[in-house]
Amino acid sequence: MNYEILLPNSGFRECADFIKKNFKEVYYVPAGFKIFDNYLVGLPPIPLAVDAGDVIMPYVKPCHGCFVLRVPGGGEVERLRKGKVGEG
Amino acid sequence: MKALLMMGCPELPVQTAVALYIANKLNNEGFEVTSAGNKAAISLLLNSDPEKHYIKKVMDLDRCIGALAEKNMDFDLCFVFIHSDSGISYLATVSSLSKAKTVAVIFGKDIEPLIERSAGSVIIAAKAVHNPMPLRAQIDGVKSWAALTK
């Protein structure tokens, strides 16, 4: 998975707030939502954003905390738009 | 009855000792125990119990989350080991994906914020980094883990 780190080594809440505050097109998904072959970990509902064809997502690592990643969206953008749980 | 021990980063030494201790208790009560963690956490467990007296089944943490999300497996009781914000995220995820009764095993130096954020789970918590005895005392205070699943 190619990615850019937008916010490193933070708490999950900080990452969720970062996504909600900095992006307009936000979708909310349940914990365990599968995207880019990863199952999302976090406090649901988990915010994901779409921006310029990329997906902006929180990513929890056990040893390093939570990160906000920008990942080239590919087919996941359309899947989010079609299957959105809620819109922020 | 099935139980899951979900471990994160093993940077605090008490985690492995407490996981082995809980696994022994659960084995003695007849639970089928699965231990999930990252590579380092699982390696510490297996190297501490080379003949698998306590640790019977292990799996990768990400695969475990995937299997719970896909409903390919589930548990009656799930212990989530928490010493940081990441542990809280894993607890919330397991609570959301599983029907299991969750037990938050909280340790480290700054446990109060973690306790507050583990509402809804059974709490086993102590300020502990190297010494497992404070956590062990709390674990011993539970006379039957099976009773929690009923």
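Residues numbered from 1 in each chain as written. Chains lettered and ligands numbered in written order. Predicted model: local features only at pLDDT ≥ 70, side-chain atom pairs only at ≥ 80, totals over all residues. Heavy atoms only, no water.

Q: Please clarify how the confidence of the model for chain B should be interpreted in this entry.
A: In low-pLDDT segments, the atomic positions of the prediction should not be examined closely. The predicted model of chain B has a mean per-residue pLDDT of 96, with 100% of residues at 70 or higher. Scoring of the predicted complex yields 0.95 for pTM and 0.92 for ipTM. (pLDDT = per-residue confidence, 0-100.)

Q: Honestly, helix α2 (residues 75–82) of chain A in this entry has me stumped. Any pointers?
A: Every α-helix winds through 3.6 residues per turn, so residues three or four apart in the chain are directed the same way. All names here are of chain A. Buried residues of α2: E76, V77 and L80, and no others. Taken down its axis, α2 places every buried residue within 105° of arc, on the same side. Along α2, the residues that are exposed and aim more than 90 degrees away from the buried face are G75 and K82. Where α2 is buried, its residues meet β2 (25–29), β3 (34–35), β5 (46–51) and β6 (54–61). (Buried < 20%, exposed > 50% of the residue type's maximum accessible area, 1.4 Å probe, protein only. Helix = DSSP H or I, 4+ residues; strand = E, 2+ residues; numbered from the N terminus. Arc of directions from axis to C-beta. Contact = heavy atoms within 4.5 Å.)

Q: Could you clarify how one ought to interpret the packing of aromatic side chains in this entry?
A: Two numbers describe a pair of aromatic rings. These are the distance of the centres and the angle of the planes. All names here are of chain B. Inspection of the entire model under this criterion finds three aromatic pairs over all chains. Relative to W145, the ring of F79 has its centre 5.0 Å away and its plane inclined at 70°; by these criteria the two rings are edge-to-face. Linking F79 in strand β4 (residues 77–82) with W145 in the segment after α6 (133–140), this pair joins segments that are 66 residues apart in sequence. Taking the relative accessible area as the measure of exposure, F79 reaches 0% and is therefore buried. Looking at W145, the relative accessible area reads 0%, which means it is buried. Taking the centre distance of 6.5 Å and the plane angle of 70° together, the rings of F81 and F107 count as edge-to-face. In this pair, F81 is assigned in strand β4 and F107 in the loop between β5 (101–106) and α5 (112–116), connecting sequence segments 26 residues apart. Here the two residues F81 and F107 agree in accessibility, since each one is buried. (Phe/Tyr/Trp six-rings, centres within 6.5 Å; stacked < 30°, edge-to-face > 60°.)

Q: Which parts of the structure should I look at to understand empty space enclosed by the protein?
A: Residue and element names in this part refer to chain B. Counting across every chain of the model gives one cavity of 30 Å³ or more. Quantified by volume, the largest cavity comes out at close to 80 Å³. In terms of lining, the largest cavity is formed by 13 residues, of which the most central are G8, C9, F81, S86 and G87. Elements represented by at least two residues in the lining of the largest cavity include exactly β4 and α4 (85–97). Tallied by class, the residues present in the lining of the largest cavity amount to eight nonpolar, five polar and no charged. (1 Å grid on protein atoms, 1.4 Å probe; cavity = no way out; pocket = protein on both sides within 12 Å on 5 of 7 lines; lining within 4 Å. Points joined across faces, edges and corners; volume = space filled by probe spheres on them. Nonpolar A, V, L, I, M, F, W, Y, C, P; charged D, E, K, R; others polar.)

Q: Explain the layout of surface pockets here, please?
A: Gaps left between atoms are located by rolling a probe of water-molecule size over the structure's atoms. Estimated volume of the largest pocket: approximately 360 Å³. Y59, V60 and K61 of chain A together with D62 and Y90 of chain B are, among the 20 residues lining the largest pocket, the residues nearest its centre. Classifying every residue of the lining of the largest pocket gives 11 nonpolar, three polar and six charged.

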